[in-house]
Amino acid sequence: MPQYDTIIIGGGPAGISAALTLRAMERSVIVISGDSKDSGLYKAKRIDNYPGMPGVSGEAMLTAMYAQLSASGAELVRGIALSAVKTKKGFMVSVGNDAYQSRTLIVAVGAAKGVVYENEDKLLGRGVSYCAVCDGALYKNKPVVVLALRSDAEEEAEQLRRIGCDVTVIDPKGKKIAFIGDDKLTAVKVDGEELAAACVFVLRAAIAPAALISGLEISDGAIIADRLGRTSIEGLFAAGDCGGKPYQVAKAVGEGQIAAYSANDLI
Ligand SMILES: Cc1cc2nc3c(=O)[nH]c(=O)nc-3n(C[C@H](O)[C@H](O)[C@H](O)COP(=O)(O)OP(=O)(O)OC[C@H]3O[C@@H](n4cnc5c(N)ncnc54)[C@H](O)[C@@H]3O)c2cc1C
């Protein structure tokens, strides 16, 4: 299993800033991130309050950050980290069927978004999945529903079709969704209409930090961290919007750098 000094989950301004600082300290770093289009920054049409770059678009700023990240020698993996566990030596993070190990972990996943659907927790692992790559093969030739909450959801739906699933893609925004079933999922209810399904793939752009790793203290959906980015789990640091308001690029970049210094002290 690949081993790094630091794994960074989230490739927005906070995660990229942390990676650049750790690379400047010659630490080995991997950034695991979903699509750039799912970063809050990408959605900002125009930023006027970031020093030195008046009027820049969020997309242009993020493109420049990624060029800098790539030149720094940090590794980048595109995908959603579904779980992290604390091990004797540090952390293990899973992305699809792959896993990565590190001494320290920086969580920079952006602001918590999204609703939890009715029966989602109850049926998780019993017809509710967050990962088409990991669980798709279990539902070959069966009807499945994809809730498209992130930019690459259509690609994952196509992958499910290729392996023989009978896929219905739903954009859940503005719709009332519930999952039906006692021991396992039997249907997805959309605005009162039931669609028979053996599995529903809930493809969110982010996983709530509390669901990512157990033991992480959260308040109002934000990770509790001190001024050095330290959280309730030793070796795990938080930076950016996932630590709460204000949701601002300059703050995210600054906190990413502080988290990098704190992680460096432990390596
Ligand atoms: C419309 C809009 C306008 C804005 N305007 C301004 C402005 O003018 N000035 C300003 O300073 N700020 C502005 N912001 C806020 C700013 O964009 C955010 O504060 C900033 O992007 C936060 O950076 P971050 O790195 O914490 O999170 P994000 O930029 O949200 O990045 C988080 C990244 O983590 C990834 N991720 C999440 N979960 C996982 C996971 N489990 N595994 C892998 N990857 C994951 C996401 O895909 C995303 O790419 C605006 C935001 C929006 C939406």
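Residues numbered from 1 in each chain as written. Predicted model: local features only at pLDDT ≥ 70, side-chain atom pairs only at ≥ 80, totals over all residues. Heavy atoms only, no water.

Some details on the pattern of salt bridges
Then, in step 1: Counting across every chain of the model gives nine salt bridges.
Then, in step 2: Among the ionic pairs, Asp171 bridges to Lys173, the shortest N-O distance being 4.0 Å.
Then, in step 3: Accessibility expressed as a relative area gives 39% for Asp171, which makes it partly exposed.
Then, in step 4: Through salt bridges with shared partners, a single network forms among Arg150, Asp152 and Glu156. (Salt bridge = Lys/Arg side-chain N within 4 Å of Asp/Glu carboxyl O. Buried < 20%, exposed > 50% of the residue type's maximum accessible area, 1.4 Å probe, protein only.)

With respect to the sheet that holds strand 10 (residues 177-180)
Then, in step 1: Here three strands make up an open sheet; going across it, the order is 10-11-12 and the pairing antiparallel. Both edges of this open sheet fall to strand 10 and strand 12 (193-196), since each of them pairs with a single strand only. Going across the sheet, the axis of each strand differs from the next one's by a mean of 25°, ignoring polarity.
Then, in step 2: With four bridges joining them, strand 10 and strand 11 (residues 187-190) adopt antiparallel strand pairing. Opposite Phe179, over in strand 11, you have Val188 as the bridge partner. (Pairing = 2+ DSSP bridges. Helix = DSSP H or I, 4+ residues; strand = E, 2+ residues; numbered from the N terminus. Axes fitted to C-alpha atoms, helices over the stretch in contact; angles between N-to-C directions.)

Here we look at the side chain of Thr21
Then, in step 1: By the element assignment, Thr21 lies in helix 1 (residues 13-24).
Then, in step 2: On the accessibility criterion, Thr21 (10% relative accessible area) is buried.
Then, in step 3: Each residue touching Thr21, except ones within four places of it in the same chain, is listed here: Gln257, Ala260 and Tyr261. (Contact = heavy atoms within 4.5 Å.)

So, the pairing of strand 11
Then, in step 1: Counted along the chain from strand 10 to the antiparallel partner strand 11, the turn is six residues long, and its residue Gly181 has a positive phi close to 150°.
Then, in step 2: In this sheet, strand 12 lies alongside strand 11 in antiparallel orientation, the contact comprising four bridges. In the sheet register, Ala187 faces strand 12, and the bridge partner there is Ala196.
Then, in step 3: Joining the antiparallel neighbours strand 11 and strand 12 is a turn of two residues, in which Asp191 adopts a positive phi near 50°.

Comments concerning the state of the cysteines
Then, in step 1: Counted under the stated rule, the structure contains one disulfide.
Then, in step 2: In this model, Cys131 is linked to Cys134 through a disulfide, with the two sulfur atoms separated by 2.1 Å. What sets the handedness of the Cys131 and Cys134 disulfide is the S-S torsion sign, and at about 75° it is right-handed.
Then, in step 3: A relative accessible area of 9% places Cys131 in the buried class.
Then, in step 4: When its relative accessible area of 28% is taken as the criterion, Cys134 is described as partly exposed.
Then, in step 5: Cysteine Cys199 is unpaired, with the sulfur of Cys165 as its nearest cysteine sulfur at 8.3 Å. (Disulfide = S-S within 2.5 Å.)

Digging into the domain arrangement of the protein
Then, in step 1: What the domain assignment reports for the protein is domain 1 (3-113 + 207-266) and domain 2 (120-204).
Then, in step 2: A separation of 28 Å is found between the C-alpha centroids of domain 1 and domain 2.
Then, in step 3: Counting from both sides, the interface comprises eight residues of domain 1 and, opposite them, seven residues of domain 2.
Then, in step 4: Where domain 1 abuts domain 2, roughly 650 Å² becomes buried across the two surfaces, and 63% of that area is made up of carbon and sulfur atoms.
Then, in step 5: On the domain 1 side of the contact with domain 2, Asp38, Ile80 and Leu82 bury the most area, a combined 46% of that side's loss.
Then, in step 6: The interface formed by domain 1 and domain 2 holds zero salt bridges in total.
Then, in step 7: On the surface where domain 1 and domain 2 come into contact, there are one residue pair in polar contact (both at pLDDT 80 or more). (Domains from an automatic or database assignment. Buried area = accessible area lost by both parts, 1.4 Å probe. Polar contact = N/O pair within 3.5 Å; in protein donor to acceptor, adjacent residues only side chain to side chain.)

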